[in-house]
Amino acid sequence: MSARARAGGTAADVEPSPAAPGPPRPAGGTTVLRDVRPMGRAAVDLRVVDGVITTGAPAPGRPEEVVDCAGLIALPSLVDAHIHPDKTSWGEPWVSRRPVGNGIAGYAEQDVELYRRLETPVAERAHRLLARAVASGTRAVRAHVDVAPAYGLDGLQGVGDARRRLAHAVDVQVVGFPQHGVRRAPGTAELLADAARDGLIDVVGGIDPVGFDDAMDDQLDLVFGLAEAHGLGVDLHLHDVGDAGLIPLREIMARTRALGMQGAVTVSHAFCVPAAPDTDRLADELAEAGVGLTTVAPDPARVLPVRQLRQRGVRVGLGSDGVRDSWSPFGNADMLHRAHLLGLLTRARLDDELTDCFLVAAEGGAELLGLPLADFSPGSPADFLLVDGECLPQVVVDLPARRMVLRAGRVVARDGELVDLR
Ligand SMILES: [Zn+2]
């Protein structure tokens, strides 16, 4: 995998990622978005041909669909770089949670209990949640899906089904995620290998190879071995701090360089990074190794220093994490809200700080997933959301309703609901 989107680049200088199976852009359609304010700037008319922004004059005799935007602000659709659609109880009756006494293993136990209790299949719950994401203005997600003997490949098949149903509206990258550990849950390695062989996953996941699985080399051998053999990306959960986090992080960087996988490897959460004694130096190492990071903005102590990392060339994405699952009653798959939370807990105050909170979810996520930037430049995908507002910083604070969401120039959601395009 060599997809590396450059900040400020256009669609033309971005290689498509093999792990980003977007639907084909509709051919032959021309749409004019009348009276729209890209990024809150002055109103213009935007012309979209075959799903991408164009500056060309209208082709004579070619019909144009006109969407009157009435001065709404257009913003790039957002990328949820870390979400767990298989675990969600979204749309189900309220779930009451029990205290957890033994860390990740305890949460994972409650995941299994909830999975067995919910009568609605994964495919339906994942579809509900991803439909909600689309209606909130999300163009792409990286879905971490549990792979463990307790579930077999049920989660992957369910999320795969939801992905197919929503292929016109959102890109879904699927991660096979060994939530229960590889050493700790015998049979998981074989399931991941089956999933990779059968084309059910785009990315191989991992989890705390030292603190939780206590088998660093074995887990990383499996993860990078499958990625190399099947041309997949890598995205590992790393909650451990101190040496238990930094040692595997540096091992992941070394393996990424050795395999030439720069740009295809992500570490999620990476709580050891903000806790590191020299974050600048670590950022430079990550940038050099081409290892990206995601944060879900969990709290002020463990959120990644997003601006500092991005300024030093590290690709960083923002994500929802679990949404109304056994881990947390919170979450809503709304990435504008997640950008707001990032601003709130990093005490963003200046306009450019608020703008950066939005951009990590838009550009940062697109770079991480290897997608072309939806930045309104000629040739860029016409994927954006439309809101009432004054300017981008105010939108990040006020969270206006998403009036319309466009995908490849077509309206796929309106006023919070998917549009039926059949
Ligand atoms: Zn996660």
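What you are looking at is a predicted structure, and each value in this text was computed from that prediction instead of being measured.

Conventions and cut-offs
Residues numbered from 1 in each chain as written. Predicted model: local features only at pLDDT ≥ 70, side-chain atom pairs only at ≥ 80, totals over all residues. Heavy atoms only, no water. Donors = N, O, S within 2.8 Å, 3.2 Å for Na, K, Ca; no water. Helix = DSSP H or I, 4+ residues; strand = E, 2+ residues; numbered from the N terminus. Buried < 20%, exposed > 50% of the residue type's maximum accessible area, 1.4 Å probe, protein only. Pairing = 2+ DSSP bridges. Arc of directions from axis to C-beta. Contact = heavy atoms within 4.5 Å. Axes fitted to C-alpha atoms, helices over the stretch in contact; angles between N-to-C directions. Domains from an automatic or database assignment. Buried area = accessible area lost by both parts, 1.4 Å probe. Salt bridge = Lys/Arg side-chain N within 4 Å of Asp/Glu carboxyl O. Polar contact = N/O pair within 3.5 Å; in protein donor to acceptor, adjacent residues only side chain to side chain. Disulfide = S-S within 2.5 Å. Core = buried A, V, L, I, M, F, W, Y, C linked by side-chain atoms within 4.5 Å.

Quick notes on the coordination of the zinc ion
Okay, so step 1: Distances from the zinc ion to its protein donors, His82 (NE2), His84 (NE2) and His237 (NE2), fall at 2.0 to 2.1 Å.
Okay, so step 2: Here the donor residues of the zinc ion are spaced in sequence according to H-x1-H-x152-H. Of this pair, His84 sits in the loop between strand E6 (78-83) and helix H1 (103-117) while His237 sits in strand E10 (residues 233-238), and the two are 153 residues apart along the sequence. As far as burial versus exposure is concerned, His84 and His237 are alike and both buried.

Here we look at the pairing of strand E14 (residues 384-387)
Every regular strand shows the same layout, with side chains that alternate between the two sheet faces.
Okay, so step 1: Covered by surrounding structure in E14 are Phe384 and Leu386 together with Leu385 and Val387, the residues of both alternating faces.
Okay, so step 2: Bridge analysis of strand E5 (residues 73-76) against E14 gives 4 bridges, and the strand direction is antiparallel. Among the inter-strand pairings, Leu75 is bridged to a residue of E14, identified as Leu385.
Okay, so step 3: Sheet topology places E14 next to strand E15 (residues 404-407); 3 bridges connect them, and they run antiparallel. Bridging across to E15, Phe384 finds its partner in Leu406.

Re unusual backbone geometry
Okay, so step 1: You will see that Ala70, though not glycine, has its phi angle at about 50 degrees, which is positive.
Okay, so step 2: On the secondary structure map, Ala70 appears in the loop between strand E4 (65-68) and E5.
Okay, so step 3: Even without a glycine there, the phi angle at Arg324 is positive, about 45 degrees.
Okay, so step 4: The topology assignment puts Arg324 in the loop between strand E13 (316-318) and helix H9 (335-345).
Okay, so step 5: Classification of Arg324 by relative accessible area gives partly exposed; the value is 33%.

A short note on helix H4 (residues 188-197)
The α-helix winds at 3.6 residues per turn, so residues separated by three or four positions along the chain end up facing the same way.
Okay, so step 1: Every buried residue of H4 is accounted for by Thr188, Leu191, Leu192, Ala195 and Ala196. Seen end-on, H4 carries its buried residues on one side only, within an arc spanning 135 degrees.
Okay, so step 2: At its buried positions, H4 is contacted by helix H3 (154-165), strand E8 (171-177) and helix H5 (216-230).
Okay, so step 3: Looking at the residues trailing H4, positive phi occurs at Gly199, about 70 degrees.

Side note on the sheet that holds strand E9 (residues 203-207)
Okay, so step 1: Judged by pairing direction, the sheet is parallel, and its 8 strands sit side by side in the order E6-E7-E8-E9-E10-E11-E12-E13 without closing on themselves. Among the strands making up the open sheet, the edge pair consists of E6 and E13. Put simply, the sheet's adjacent strands are angled 25 degrees from each other on average, direction ignored.
Okay, so step 2: As paired elements, E8 and E9 share 2 bridges and run parallel to each other. Paired with Val175 across the two strands is Val203, which belongs to E9.
Okay, so step 3: Its contacts with the sheet place H5 against E9, E10 and strand E11 (265-269), and it is angled at close to 170 degrees to E9.

Section: the domain arrangement of the protein chain
Okay, so step 1: For the protein chain, the domain assignment lists domain 1 (30-76 + 375-418) and domain 2 (78-369).
Okay, so step 2: Measuring from the centre of the C-alpha atoms in domain 1 to the corresponding centre in domain 2 gives 29 Å.
Okay, so step 3: Buried surface at the junction of domain 1 and domain 2, summed over both partners, amounts to about 1900 Å²; 70% is from carbon and sulfur atoms.
Okay, so step 4: Seen at the junction of domain 1 and domain 2, the total is 3 salt bridges.
Okay, so step 5: A salt bridge links Arg139 to Asp383; the nearest nitrogen and oxygen atoms lie 3.4 Å apart.
Okay, so step 6: On the surface where domain 1 and domain 2 come into contact, there are 7 residue pairs in polar contact (both at pLDDT 80 or more).
Okay, so step 7: Going through the elements one at a time, E5, helix H11 (392-398), E15, strand E16 (410-414) and strand E17 (417-418) are the ones with two or more residues in the side of domain 1 that touches domain 2.

A closer look at the environment of Leu78
Okay, so step 1: Assignment of secondary structure puts Leu78 in strand E6.
Okay, so step 2: The exposure class assigned to Leu78 is buried, which follows from its relative accessible area of 0%.
Okay, so step 3: Measuring from C-alpha to C-alpha, the distance between Leu78 and His127 comes to 18 Å, with 49 residues separating the pair along the chain.
Okay, so step 4: Not counting the four nearest positions on each side in its chain, Leu78 is found in contact with Gly137, Thr138, Arg139, Ala140, Met335, Leu336, Phe358, Ala361, Ala362 and Leu385.

A word on the state of the cysteines
Okay, so step 1: Within the structure shown, the criterion is met by 0 disulfides.
Okay, so step 2: Here Cys69 is not cross-linked by a disulfide; its sulfur's nearest cysteine counterpart is in Cys391, at 19 Å.
Okay, so step 3: You can call Cys69 buried: its relative accessible area is 0%.
Okay, so step 4: Distance from the sulfur of Cys357, which forms no disulfide, to the nearest cysteine sulfur (Cys391) is 14 Å.
Okay, so step 5: By relative accessible area, which is 5% here, Cys357 ends up buried.

Describing the nonpolar core
Okay, so step 1: Leu249, Val273, Leu286, Leu293 and Phe358 are the most contacted members of the largest nonpolar core, which totals 91 residues.
Okay, so step 2: There are two domains that each give this core at least three residues, and those are domain 1 (30-76 + 375-418) and domain 2 (78-369).
Okay, so step 3: In this structure Leu249 touches Leu238, Val267, Cys272, Val273, Leu282 and Leu286, once residues within four positions along its chain are discounted.

Describing helix H7 (residues 279-289)
Okay, so step 1: Listed in full, the buried residues belonging to H7 are Thr279, Leu282, Ala283, Glu285, Leu286 and Ala289. When H7 is viewed along its axis, its buried side chains cluster within an angular range of 160 degrees and face the same direction. The exposed set on the far side of H7, more than 90 degrees from its buried face, consists of Arg281 and Glu288.
Okay, so step 2: Here the buried face of H7 lies against helix H6 (243-258), strand E12 (291-295) and helix H8 (306-311).
Okay, so step 3: Of the residues flanking the start of H7, the one acting as N-cap is Asp278, its side-chain oxygen 3.4 Å from the backbone nitrogen of Asp280.
Okay, so step 4: Two residues or fewer after H7 comes Gly290, characterised by a positive phi angle close to 70 degrees.

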